[in-house]
Amino acid sequence: MTRRPNRRAAIGSGALAIGGTAGCVSALVHVGAPWWVIVVVAVSASVVGVVQLVFPQDSHDRLDWWRDRRRHRERVRTATRR
């Protein structure tokens, strides 16, 4: 039986990451952190949020994703050898 992805959980984790980024950046601005620290924190937190949205979070789904990726790389590798 095929399991369907829980889109609400994925959107919720992404929204949490975005909200956490905004809260962290505003706290850094409040304490007077240098601009480059604020940029580094904002970019890194945004990357984490995007990764959580793009990659599956359930271990079974993650295993399927890695298997599909490995199969694709093997197909590409064999196609380029011809």
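Notes on the structure follow. (Residues numbered from 1 in each chain as written. Predicted model: local features only at pLDDT ≥ 70, side-chain atom pairs only at ≥ 80, totals over all residues. Heavy atoms only, no water.)

1. Digging into a nonpolar patch on the surface
Judged by side-chain polarity, Trp 35, Trp 36, Val 39, Val 40, Val 43, Val 47, Val 50, Val 51, Leu 53, Val 54 and Phe 55 come together as a nonpolar surface patch covering roughly 1100 Å² of accessible area. Note on Val 54: relative accessible area 57%, which makes it exposed. (Patch = residues over 30% accessible without salt bridge, like charges linked within 9 Å, V, L, I, M, F, W, Y side chains within 5 Å. Areas by Shrake-Rupley, 256 points an atom, 1.4 Å probe, with all protein chains shown as cover. Salt bridge = Lys/Arg side-chain N within 4 Å of Asp/Glu carboxyl O. Buried < 20%, exposed > 50% of the residue type's maximum accessible area, 1.4 Å probe, protein only.)

2. Topic: the pattern of salt bridges
For the coordinates displayed, the defined rule picks out two salt bridges. The salt bridge involving Asp 68 is made with Arg 71; its shortest N-O contact spans 3.5 Å. Remark: Arg 71 and Asp 68 occur in helix α3 (residues 59-81); sequence separation between them is three residues, near one turn of the helix. Using a relative accessible area of 43% as the deciding quantity, one classes Arg 71 as partly exposed. Between Arg 70 and Glu 74 there is a salt bridge, with its nearest N and O atoms 4.0 Å apart. Of this pair, Arg 70 and Glu 74 both sit in helix α3, four residues apart, which is roughly one turn of that helix. (Helix = DSSP H or I, 4+ residues; strand = E, 2+ residues; numbered from the N terminus.)

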